[in-house]
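Here is how the chains run, residue by residue.
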Amino acid sequence: NKNSPSLFESKVMKEKAHTISGFSKLSKNEKIEWLVESYFEDSNEAKKEFQAHWHPDESQQKILDGFSENTISNFPLPFGVAPNFLINNKTYCLPMVIEESSVVAAASSAAKYWYSRGGFKAEIISTKKLGHVHFCWNGDANKWLQLKDKLEKTLRSHSSDITANMEKRGGGIEDIELLDKTDLMDAYYQIKVSFETCDSMGANFINSVLERFASCLKEFVAEEPSFTNQEKEVEIIMSILSNYTPECIVRVSVECAIEDLKLNNEEDARALANKFYKAVQIAKIDPYRATTHNKGIFNGIDAIALATGNDFRSIEACGHTYACRDGQYRSLSDCKIEDGIFSFWMEIPLAVGTVGGLTKVHPIAKRSLELLGNPSSNELMMIIAAGGLAQNFAALRSLVTTGIQKGHMKMHLSNILNQLQASDKEIKEAIFYFKDKVVSHSAVREYLDLFRSKTQGKPAF
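As a starting point, this report considers the structure included with it. As the structure is a prediction and not an experimental result, all values here were calculated from the model. (Residues numbered from 1 in each chain as written. Predicted model: local features only at pLDDT ≥ 70, side-chain atom pairs only at ≥ 80, totals over all residues. Heavy atoms only, no water.)

### Some points on the sheet that holds strand β3 (residues 121-127)
And step 1. Taken together, four strands build an open sheet; the order of strands is β3-β8-β10-β9 and the sheet is antiparallel. Since the sheet does not close on itself, it has two edges, and those belong to β3 and β9 (333-338), each with one partner. Direction aside, the axes of adjacent strands within the sheet are offset by 20 degrees on average.
And step 2. Where strand β8 (residues 248-257) lies against strand β10 (residues 341-349), nine bridges are found, and the strand directions are antiparallel. Among the inter-strand pairings, isoleucine 249 is bridged to a residue of β10, identified as proline 349. (Pairing = 2+ DSSP bridges. Helix = DSSP H or I, 4+ residues; strand = E, 2+ residues; numbered from the N terminus. Axes fitted to C-alpha atoms, helices over the stretch in contact; angles between N-to-C directions.)

### Here's the deal with helix α6 (residues 142-158)
Residue pairs spaced three or four apart in an α-helix point in one direction, given the helix's 3.6 residues per turn.
And step 1. Spanning 17 residues, α6 covers 24 Å between terminal C-alpha atoms, matching the ideal 24 Å at 1.5 Å per step.
And step 2. Along its length, α6 shows its largest kink, about 55 degrees, at lysine 148.
And step 3. Inspection of α6 places Lys143, Trp144, Leu147, Leu151, Glu152, Thr154 and Leu155 among the buried residues, and these make up the whole buried set.
And step 4. Turning to α6, the residues buried within the fold contact β4 (129-136), β5 (172-180), β6 (188-196) and α8 (203-223). (Expected span 1.5 Å × (residues − 1). Bend = angle between axes of the 7 residues up to and from the residue. Buried < 20%, exposed > 50% of the residue type's maximum accessible area, 1.4 Å probe, protein only. Contact = heavy atoms within 4.5 Å.)

### Notes on the layout of surface pockets
And step 1. Counted as a void, the largest pocket has a volume near 1,400 Å³.
And step 2. Around the largest pocket, the lining is made up of 44 residues, and of these Leu64, Phe67, Leu306, Leu358 and His362 lie nearest the centre.
And step 3. For the lining of the largest pocket, the secondary structure elements donating two or more residues are α4 (58-65), α8, α10 (287-307), α11 (312-323) and α12 (363-371).
And step 4. A class-by-class count of the residues in the lining of the largest pocket yields 21 nonpolar, 19 polar and four charged. (1 Å grid on protein atoms, 1.4 Å probe; cavity = no way out; pocket = protein on both sides within 12 Å on 5 of 7 lines; lining within 4 Å. Points joined across faces, edges and corners; volume = space filled by probe spheres on them. Nonpolar A, V, L, I, M, F, W, Y, C, P; charged D, E, K, R; others polar.)

### Some points on the nonpolar core
Buried together is how nonpolar side chains tend to be arranged in soluble globular proteins.
And step 1. Of all hydrophobic cores here, the largest spans 94 residues; its most connected members are Phe85, Phe120, Trp144, Phe342 and Phe344.
And step 2. It is helix α13 (residues 377-400) that contributes the most residues to this core, 13 residues altogether.
And step 3. Tryptophan 144 has contacts with Phe135, Trp137, Leu151, Leu178, Tyr189, Leu217, Phe220, Val221 and Phe227, leaving out every residue within four places of it along the chain.
And step 4. Leu413, Ile416, Leu420 and Ala422 belong to the second-largest nonpolar core, a separate cluster that totals 12 residues. (Core = buried A, V, L, I, M, F, W, Y, C linked by side-chain atoms within 4.5 Å.)

### A closer look at the sheet that holds strand β7 (residues 235-241)
And step 1. On the basis of which strands lie adjacent, the open sheet formed by four strands has the order β5-β6-β4-β7 and antiparallel pairing. Two strands lie at the open edges of the sheet, namely β5 and β7, each paired on one side alone. On average, each strand axis in the sheet is tilted by 15 degrees relative to the strand beside it, whichever way the strands run.
And step 2. Direction of pairing for β5 relative to β6: antiparallel, over a ladder of seven bridges.

### Structural notes on the side chain of histidine 293
And step 1. Within the element layout of this structure, histidine 293 appears in helix α10.
And step 2. For histidine 293, a relative accessible area of 1% translates into the label buried.
And step 3. A distance of 3.2 Å separates polar atoms of two side chains, one belonging to histidine 293 and the other to asparagine 392.
And step 4. Beyond its immediate stretch of four places on either side in the chain, histidine 293 contacts Ala283, Ser331, Ser333, Asn392 and Leu396. (Polar contact = N/O pair within 3.5 Å; in protein donor to acceptor, adjacent residues only side chain to side chain.)

### Section: the packing of aromatic side chains
And step 1. Summed over all chains, the structure comprises 24 aromatic pairs.
And step 2. Seen from their ring centres, tryptophan 114 and phenylalanine 342 are 6.5 Å apart, and the 10 degrees between their planes marks the pair as stacked. Taken together, the residues tryptophan 114 in helix α5 (residues 103-115) and phenylalanine 342 in strand β10 connect sequence positions 228 residues apart. Like tryptophan 114, the residue phenylalanine 342 is buried in the burial classification.
And step 3. A connected cluster of aromatic rings, assembled from ring pairs, spans Tyr113, Trp114, Phe276, Phe342, Phe344 and Phe393.
And step 4. When the ring centre of tryptophan 54 is taken as reference, the NZ or CZ atom of lysine 28 above it lies at 4.7 Å. (Phe/Tyr/Trp six-rings, centres within 6.5 Å; stacked < 30°, edge-to-face > 60°. Lys NZ or Arg CZ within 6 Å of the ring centre and 35° of its normal.)

### Regarding empty space enclosed by the protein
And step 1. Under the criterion given, the structure shown has three cavities of 30 Å³ or more.
And step 2. Quantified by volume, the largest cavity comes out at close to 90 Å³.
And step 3. Considering the residues around the largest cavity, the lining is formed by Lys129, Leu130, Met201, Ile206, Leu241, Ser242, Asn243, Thr245, Ser314, Ile315, Cys318 and Ala351.
And step 4. Examining the composition of the lining of the largest cavity, we find that three residues originate from one element, α11, more than from any other.
And step 5. For the lining of the largest cavity, the class distribution of residues is seven nonpolar, four polar and one charged.

Structure, rendered in structure tokens:
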């Protein structure tokens, strides 16, 4: 039929049906209506599911909606706790938000294990955070050497209204450096600034200062009498904090006599120590293993960061960059066996906050911080690092002894049973049945089929 649209025209018409103008101005219900009609075959069911996860308290839902844009529903994640964490001789119960089976259980197991062996020791090494003004300038680079002090004084003076409150809290701008990067890119320079942001993560503060520096730099260059006319223009590329904070470092460690590692006897303890040590060394030399090794660390770190309203994405980006600071991606944790002592530790950059952002806005993040005793940002750094090291220890101990899948699949059993719509009675019987058996989706399904066939029409036993 000549009047029928071509295949290409039909595709274009279909794609246009999936586009919309002014979506952000629609109400939440209007957004859902358009979405389910455009993308879901079971539009009524999809609409019900999106609405079912709205918070029943309208004031709480309003808070959640304010965190992002174009919100149509909430995405619930489990909020768990890992008790018995002894950190610097103080006992904590760690809040953890994560969807992966066995993470909270593993952290709890490691916390209990080390509680009787002295617990975790943690210390803050430094707390500097960084940001840069990136700019291009064509001129005599040597002139900047003579103007460094004058420029720094001008930048500090012109940003004093922004830094005043932070300075009252003991923070503010620490160092200002002018970096010549013209060997990497033509006419490229940076103003590198280090900050102390006290108990806040400080992103908004840092970016506000840097943007003020950028406008001040343009004026400085235009008015500097030693610059030629050609040198009186500067191109600001961007002004932004860096999520790489290699001078915002926390160290956390555990150690005990080798014989105290024992599972059953002293021979087991020495075998565990040696295999554990070798596993860490492999993660230091093999990037393939290091990636999975460090992912385990961030299982613990991310879960606590998310629970306390911190930016786990920036924490991860920083940690992975730090892991390859010498040119190869390596383990973030380390281990040694010396003079009969087993030591396991980690130094890691963690830029976190206990004020600002979601920390005092998200109702559960507030409760998480209260659960931890309303810590300072430095204390929270140590708590989060301990959670990461605990998770790493638990994973490595499983890997070099029973294997990772035994514990992981035991925890995953409940998810499989829920997927197969098992009843409470079936769940109870399945957990008992699989306590000494390998768990897999097919094995659980076969067990349920057999169980149901035996009990069909018969009294429950």
